[in-house]
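Listed below are the residues making up each chain.
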Amino acid sequence: MRLPKSGSFYIIVALMEKNNSQTKENKMGVMPVGRLLVNMSLPMMISMFVQALYNIVDSIFVSRINEAALTAVSLAFPFQLLMISVIGGTAVGINALLSMRLGQKNQAEVDKTAVNGLFLAAVSYVVFCVVYVFATRPYLTSQTQNQMIVEYCETYLGIIMLCGFGIFFGFTSDRLLQSTGRTFYTMITQLIGAVTNLIFDPILIFGLGPFPKMGIAGAAVATVAGQILAMCVSFYFNYKVNKEIHFKFSGFRPDAVIIGQIYKVGFPSIILQAVGSVTTYGMNLILASFKDVADTAIAVYGAYFKLNSFIFMPVIGLNNGVVPIVAFNYGAQKKERIMRTVKLGILAALMIMIVGAAIFELFPRQLYSLFNASEQMLSIGVPALRLIAPSFLGAAVAISLGSVFQAMGNGVYSMTVSVARQLLFLLPSAYLLSLTGNINNVWWCFLIAEVVSVALSVFFYSRLYNQKIKCL
């Protein structure tokens, strides 16, 4: 039986062909941008919020041991941040390159990028094992002479770094899922890891039930256990559901060209994030100059970083969703989708930061009470949170534009902004303000640095727009 070739028939056929062609396209190229940004970013925002639990749960429980233990975890944080910086920056390069290759429909390069990314995760882990052996004690003794704090920190870092393969491989595996738009699965892996950490922290620290009382070592064991379990689940998801990547390990050899392309974007991101580790170390040295309150001030600053992660990590998760969308549509030459993604990303980041700033302004005492804060700790911490909070608004703009730089292969712009903000303005201004002898004046450095960060970010985005986006 022949169907009539009416106008309606042709319309139906055309719609069917359009739908069929769209189902063959990656959603990053066809889904409405607003819905796509939510679809890509919301699971990652939840994942990063959960990741923030790793940063804060240890400190909350450890503070119940004593303030020295809390200070030790604060001193360990720059090393942990450096680990995340290296693998996180590498993963940004993997994510951007893999998403671009997907947009170009180059399957062979997609597969090679994924396998070389896992190789880089292994190399990074080995490097940090060596760093722990040779650098830990000199790093610690440069900031405190309290032997209890040094011993606590060595114990904690030894477990975190020598058993840290879970974070390196898990981070990379999650980014492979994100690169192909499967962000829901990364949310699951992060939830599994965080819940594991949350359950075992009090059990292992305080020796509940049949488990021994491990103290600060228990906090570290709980953390790496969560990371390793999350890694295993992420590997499983990549194997079962990530069909856009074909993992081929037989006869593998590192590809210098692909590794170079990964680090072209990733290395500036590593520097961008690693600068935060250097800044934390520098701030610890500046706070240590206030001899009467040095250890407490370092604990205050460390607790602040754990608290701000609940605000900043979701924004970073949002922008981790922006990176593959912008990269894919840049590869596909779709200007309007790039611009709409940038605008919505900045707006969403500002909304989150406004809420975060309000919480810090209104409830600083309650926030520090999570860490069993003494009156001395509160006297330093409450003014600190209230002075720092307004800088969150500038950070929203700078972080959002930084993700655009990374997605379009201009990660050096992000690196320049970060270095200028933290090394050229934040630390020097903090040092100069410390010379006033009033520790509360030191926190003004965050506002000073954020003004510079926003100005530079807008300048670089204007250049990027004229050079790459405008001509699409």
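Above this text is the structure in question.
Since the structure is predicted, the reported quantities are computational estimates derived from the model, not experimental observations.

Caption draft 1: Inspection of helix 4 (residues 67-103) at higher detail. In this model helix 4 runs 51 Å from its N-terminal to its C-terminal C-alpha over 37 residues, within 8% of the 54 Å that 1.5 Å per residue would give. The largest bend in helix 4 amounts to roughly 35 degrees and is located at F77, with the proline P78 lying one to four residues further along. Here helix 4 lies mainly inside the structure; 35 of its 37 residues are buried. Near the N-terminus of helix 4, the side chain that reaches the backbone nitrogen of A68, with its oxygen 3.1 Å away, is that of N66. Looking one or two residues beyond helix 4, the residue adopting positive phi is K105, at roughly 60 degrees.

Caption draft 2: The arrangement of the packing of helix 7 (residues 165-179) against helix 8 (residues 183-206) in detail. Interhelical geometry of helix 7 versus helix 8 gives an angle of 155 degrees and a closest axis separation of 7 Å. Compared by their axis directions, helix 7 and helix 8 come out roughly antiparallel. Here D174, L177 and Q178 of helix 7 lie close against helix 8, whose contacting residues are T183, Y185, T186, T189 and Q190.

Caption draft 3: Here's a closer look at a nonpolar patch on the surface. Nonpolar side chains collect at one region of the surface, where V278, L423, L424, F425, W444 and I448 lie side by side and expose about 530 Å² of accessible area between them. Sorting elements by how many residues they give to the nonpolar patch places helix 16 (residues 411-434) first, with three residues. Within the fold, I448 resides in helix 17 (residues 445-469). Residue class for I448 comes out partly exposed when judged on its relative accessible area of 39%.

Caption draft 4: Summary view of unusual backbone geometry. Positive phi values are uncommon outside glycine, yet Q333 reaches one of about 65 degrees. Here Q333 is to be found in the loop between helix 11 (294-331) and helix 12 (335-362). Even without being glycine, N372 reaches a positive phi, approximately 55 degrees. Looking at the secondary structure, you find N372 in the loop between helix 13 (364-369) and helix 14 (375-388). Exposure remark for N372: the relative accessible area of 49% places this residue in the partly exposed category.

Caption draft 5: Structural view of the packing of aromatic side chains. In total, this model carries 24 aromatic pairs according to the counting rule given. Look at F119 and F252: their rings are 5.7 Å apart centre to centre, the planes differ by 55 degrees, and that puts the pair in the tilted class. Here F252 lies in the loop between helix 9 (216-241) and helix 10 (256-288) and F119 lies in helix 5 (residues 107-141), a separation of 133 residues in the sequence. Given the relative accessible area of 28%, F119 is considered partly exposed. Judged by relative accessible area, which is 30%, F252 ranks as partly exposed. Taking the centre distance of 6.1 Å and the plane angle of 85 degrees together, the rings of F200 and F211 count as edge-to-face. With F200 in helix 8 and F211 in the loop between helix 8 and helix 9, this pair connects stretches of sequence that are 11 residues apart. In this structure F211 comes out as partly exposed when scored by relative accessible area, which is 35%. Every member of this aromatic cluster is reached through a ring pair, and the members are F77, Y301, Y304, F305, F312, F360, F392, W443 and F446.

Caption draft 6: Up close: the environment of G207. Take G207: it is sitting in the loop between helix 8 and helix 9. Classification of G207 by relative accessible area gives partly exposed; the value is 23%. A C-alpha to C-alpha distance of 8.7 Å links G207 and G218, two positions 11 residues apart in sequence. Contacts of G207, omitting those with residues within four sequence positions, involve P202, P212 and K213.

Caption draft 7: Spotlight on the nonpolar core. Ranked by size, the top nonpolar core spans 127 residues in total, and within it M283, Y304, Y368 and W443 carry the most contacts. Broken down by element, this core gets its largest block of residues, 20 residues, from helix 11. Residues I94, L176, I245 and I259 belong to the second largest nonpolar core, which totals 13 residues.

Caption draft 8: Fine view of the pattern of salt bridges. Overall, the coordinates contain four salt bridges when judged by the stated rule. For the salt bridge of R182 with E244, the shortest nitrogen-to-oxygen distance reads 3.2 Å. Placement of R182 in the loop between helix 7 and helix 8 and of E244 in the loop between helix 9 and helix 10 is noted, with a sequence separation of 62 residues between them. With a relative accessible area of 21%, R182 lands in the partly exposed category. Look at E244 and you get partly exposed, because its relative accessible area is 25%.

Caption draft 9: Representation of the packing of helix 12 against helix 15 (residues 391-407). Close contact between helix 12 and helix 15 brings their axes to 8 Å; oriented N to C, the two are set at 150 degrees. As summarised for this structure, helix 12 and helix 15 are arranged roughly antiparallel, according to the angle between their axes. Considering the relative orientation of helix 12 and helix 15, their crossing is right-handed. Facing helix 12, whose interface residues are V342, G345, I346, A349, L350, M353, I354, G356, A357 and F360, helix 15 presents F392, L393, A395, A396, V397, I399, S400, L401 and V404. Of the residues contributing to the contact of helix 12 with helix 15, the split by class is 16 nonpolar, three polar and no charged.

Caption draft 10: Seen up close, helix 7. With 15 residues, helix 7 extends 21 Å between its outermost C-alpha atoms, agreeing within 8% with the 21 Å of an ideal straight helix rising 1.5 Å per residue. G181 lies just past helix 7 and shows a positive phi near 85 degrees.

Caption draft 11: Representation of the side chain of T279. Counting through the fold element by element, T279 comes out in helix 10. With near-sequence residues (within four places) excluded, T279 lies in contact with Y301, Q422, L423, L426 and L427.

Caption draft 12: Broad picture of the environment of I298. Note that I298 resides in helix 11. For I298 and I286, which are 12 residues apart along the polypeptide, the C-alpha to C-alpha distance reads 9.4 Å. When neighbours within four sequence positions are excluded, I298 is seen to be in contact with T71, S74, L75, Q143, N284, L287 and A288.

Cut-offs applied
- Residues numbered from 1 in each chain as written.
- Predicted model: local features only at pLDDT ≥ 70, side-chain atom pairs only at ≥ 80, totals over all residues.
- Heavy atoms only, no water.
- Helix = DSSP H or I, 4+ residues; strand = E, 2+ residues; numbered from the N terminus.
- Expected span 1.5 Å × (residues − 1).
- Bend = angle between axes of the 7 residues up to and from the residue.
- Buried < 20%, exposed > 50% of the residue type's maximum accessible area, 1.4 Å probe, protein only.
- Polar contact = N/O pair within 3.5 Å; in protein donor to acceptor, adjacent residues only side chain to side chain.
- Axes fitted to C-alpha atoms, helices over the stretch in contact; angles between N-to-C directions.
- Parallel < 35°, antiparallel > 145°, perpendicular 65-115°, else oblique.
- Contact = heavy atoms within 4.5 Å.
- Patch = residues over 30% accessible without salt bridge, like charges linked within 9 Å, V, L, I, M, F, W, Y side chains within 5 Å.
- Areas by Shrake-Rupley, 256 points an atom, 1.4 Å probe, with all protein chains shown as cover.
- Salt bridge = Lys/Arg side-chain N within 4 Å of Asp/Glu carboxyl O.
- Phe/Tyr/Trp six-rings, centres within 6.5 Å; stacked < 30°, edge-to-face > 60°.
- Core = buried A, V, L, I, M, F, W, Y, C linked by side-chain atoms within 4.5 Å.
- Left-handed = near helix turned anticlockwise from the far one by under 90°.
- Nonpolar A, V, L, I, M, F, W, Y, C, P; charged D, E, K, R; others polar.

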